[in-house]
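# Descriptive analysis of the structure
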Amino acid sequence: GINFNAHVVKKDFPILRETVNGKPLIWFDNAATTQKPQSVIDRIAYFYEHENSNIHRAAHELAARASDAYEAAREKVKVFLNAKSVNEIVFVRGATEGINLVAQSWGDQNLVAGDEIVVSNLEHHANIVPWKRLADKKGLKLRVIPVDDSGQILLDEYAKLLNSKTKLVAFTQVSNALGTVTPAKQMVEMAHAVGAKVLLDGAQSVSHMKVDVQYLNADWLVFSGHKLFGPTGIGALYGKEDLLNETQPYQSGGNMIQDVTFEEIKYHKAPNRFEAGTGNIADAIGLGAAIDYVSKIGIEVIGQYEHYLLEYATNLLKQIPGVRLIGTAAHKASVLSFNLQGFTNDEVGQALNKEGVAVRTGHHCAQPILRRMGVETCVRPSLAFYNTTQDVDVFIETLWKLKSGKK
Ligand code: PMP
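If you're wondering where the values come from, they're calculated on a predicted model, not measured in any experiment.

The rules behind the values
Residues numbered from 1 in each chain as written. Predicted model: local features only at pLDDT ≥ 70, side-chain atom pairs only at ≥ 80, totals over all residues. Buried ≥ 20, exposed ≤ 12 C-beta atoms within 10 Å, placed from the backbone. Helix = DSSP H or I, 4+ residues; strand = E, 2+ residues; numbered from the N terminus. Arc of directions from axis to C-beta. Contact = placed C-beta atoms within 7 Å. Pairing = 2+ DSSP bridges. Axes fitted to C-alpha atoms, helices over the stretch in contact; angles between N-to-C directions. Domains from an automatic or database assignment. Nonpolar A, V, L, I, M, F, W, Y, C, P; charged D, E, K, R; others polar.

Moving on, we get to helix α5 (residues 129–138). Those residues of α5 lying buried are Pro 130, Trp 131, Leu 134 and Ala 135. Axial view of α5: buried residues confined to an arc of 135°, hence all on one face. Buried-residue contacts for α5 involve α4 (95–110), β5 (116–120), β6 (141–145) and β7 (166–172). Within two residues after α5, Gly 139 carries a phi angle of roughly 70°, on the positive side.

See the structure below:
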């Protein structure tokens, strides 16, 4: 028995009262982005109504309110990830910017021709392209951890890729295309054993499971607020404090300097050295409200409920003849990608949309892993804690109807 009622929490999300084609909206596109509870929407409005100011730079009351709220949000991210210090939390635009920051600052400054970067076959394009570009620019070797037919990392093959030239391992905790949960802690340890640094992509994990950066011991971790029931345009890069302070800035301008003359520039320490210019103050505060919301329910409770819901949906989906599940790892979160024989992915997506069910179809910005699974595209329902078994039933019934309508 899980002490959690999805019907109750659903009421906290105003958009889930929308209708689509006359049907109640069923949001099964949570891996792309999540919906926002009223408390997040209200918090952002409150900022603009009562606190709006630039931060850190003024003597007046509103600057103090805005700065306090912004730094309180940083503290919430710190607690959420169990980081040691708020100095380890850099606000960025999202996971993509966090990865680019590490590639273009630390990577560009520390890697030399012949060094090796390891990524997994599961990665989102955001955790491939920045490394591929860096590798091409600097003559690095980009190596890829293969997966088995279920879509799980092959640890033996991973071990074979690691050597003294490996300087960085970058991989995801949860695959956005397959839902695979990778053995992150073990993989971090294996990388550290050869002296490599590790960047974890938490874009798909933070909303489904407890992510503890001290336990995982990764050197960096990135995530996006919009996939955690918070606003778009804000996310966080966690980095170990010493490592951040040893790294030269990514972008430069106001906010990040201690002292400027035309002869010499002195940078602030982290996190400010990585937050050049006026950041997304309102949405950082909105992200803080999202973390409050999730923490009130409890991320472990969310994980348990979603596990139950994913199993429920998977078992029903498997019973439909012609369904091929894409990604069948034993340890999965949220995602149940599939193809339906005899129908294009677009036809399936349109049929679902007619019933109010929002799913993504396409390659999900993860072309290498879909090709590894033998497909170019798929249909990707992805679940969150405000989805119910009744939502799943509508989804499943629609697929049965689609099948009986044709042929
Ligand atoms: N990594 C993964 C695993 C993702 O799922 C996503 C978003 N689909 C990203 C990175 C990029 O996140 P964003 O677009 O919010 O920067």
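From this point, the narrative continues.
Turning next to the sheet that holds strand β4 (residues 89–92). Ordered by their spatial adjacency, seven strands build an open sheet running β4-β10-β9-β8-β7-β5-β6, and the pairing between neighbours is mixed. Each edge of the sheet is formed by a strand with only one pairing partner; in this case those strands are β4 and β6. Pairs of neighbouring strands in the sheet enclose a mean axial angle of 20°, with direction left out of account. Where strand β9 (residues 220–224) meets strand β10 (residues 235–239), five bridges bridge the pair, whose relative direction is antiparallel. Within β10, the residue paired with Trp 220 across the bridge is Gly 239. Helix α3 (residues 61–81) rests against β4, β9 and β10 of the sheet, and its axis sits at about 115° to β4.

Domain annotation of the chain identifies domain 1 (6–30 + 298–405) and domain 2 (41–296). Across the contact, 25 residues belong to domain 1 and 22 residues belong to domain 2. Residue assignment for the side of domain 1 that touches domain 2 shows that the elements contributing at least two residues are α11 (299–318) and α13 (367–372). Sort the elements by how many residues they give to the side of domain 1 that touches domain 2 and α11 lands first, with five residues. In terms of residue class, the side of domain 1 that touches domain 2 is made up of 14 nonpolar, seven polar and four charged.

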